[in-house]
Amino acid sequence: MDDLFSVPLGHVDPDQPAEEEPTVSPIPPEAFEHRGKWVALHAGRLLAVKDTPEQLREEFGDRRSEVSFFHVPQTNVYAR
């Protein structure tokens, strides 16, 4: 017989503050040194920096499923 009133394993007490895990960006910090450019990333590594996404597609055309393209903003949108 199951005890429906027992506290389940991993129960979180709503009166206790939650432990927040740090958010880890998949974009390496060095990518932000290339503002306004397009970068190719794989496994948290910066592979290439180009002016347009087309240039990245040309270089990584056969590996596009393994490589992510990211446009680095011109300005830091999170700066206060």
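Refer to the structure above for everything that follows.
Residues numbered from 1 in each chain as written. Predicted model: local features only at pLDDT ≥ 70, side-chain atom pairs only at ≥ 80, totals over all residues. Heavy atoms only, no water.

Caption draft 1: Seen up close, the pairing of strand 1 (residues 38-42). As paired elements, strand 1 and strand 2 (residues 45-50) share five bridges and run antiparallel to each other. Pairing of Ala40 across the sheet is with Ala48, part of strand 2. The antiparallel pairing of strand 1 with strand 2 creates a hairpin that spans two residues between the two strands, and Ala43 there sits at a positive phi of about 55°. Pairing of strand 1 with strand 3 (residues 68-71) involves four bridges; the strand directions are antiparallel. Counted as the bridge partner of Trp38 is His71 from strand 3. (Pairing = 2+ DSSP bridges. Helix = DSSP H or I, 4+ residues; strand = E, 2+ residues; numbered from the N terminus.)

Caption draft 2: Seen up close, the pattern of salt bridges. On inspection of all chains with the given rule, the structure shows three salt bridges. Across the salt bridge formed by Glu59 and Lys50, the nearest N and O atoms sit 3.2 Å from each other. (Salt bridge = Lys/Arg side-chain N within 4 Å of Asp/Glu carboxyl O.)

Caption draft 3: Representation of helix 1 (residues 53-60). Residues of helix 1 that are buried: Pro53, Leu56 and Phe60. Looking straight down helix 1, one finds its buried side chains confined to an arc of 55°; they lie on one side. Taken together, the buried residues of helix 1 touch strand 1, strand 2 and strand 3. (Buried < 20%, exposed > 50% of the residue type's maximum accessible area, 1.4 Å probe, protein only. Arc of directions from axis to C-beta. Contact = heavy atoms within 4.5 Å.)

Caption draft 4: Molecular detail of the sheet that holds strand 2. Taken in spatial order, the three strands line up as 2-1-3 in an open sheet, and their pairing is antiparallel. Sheet topology places strand 2 and strand 3 at the edges, where each strand pairs with a single neighbour. On average, each strand axis in the sheet is tilted by 30° relative to the strand beside it, whichever way the strands run. (Axes fitted to C-alpha atoms, helices over the stretch in contact; angles between N-to-C directions.)

Caption draft 5: Quick look at the packing of aromatic side chains. Counted under the stated rule, the structure contains one aromatic pair. Residues Phe32 and Phe70 carry aromatic rings whose centres are separated by 6.2 Å and whose planes lie at 75° to one another, so their mutual orientation is edge-to-face. Taken as a pair, Phe32 in the segment before strand 1 and Phe70 in strand 3 lie far apart in primary sequence, 38 residues in all. You can call Phe32 partly exposed: its relative accessible area is 33%. (Phe/Tyr/Trp six-rings, centres within 6.5 Å; stacked < 30°, edge-to-face > 60°.)

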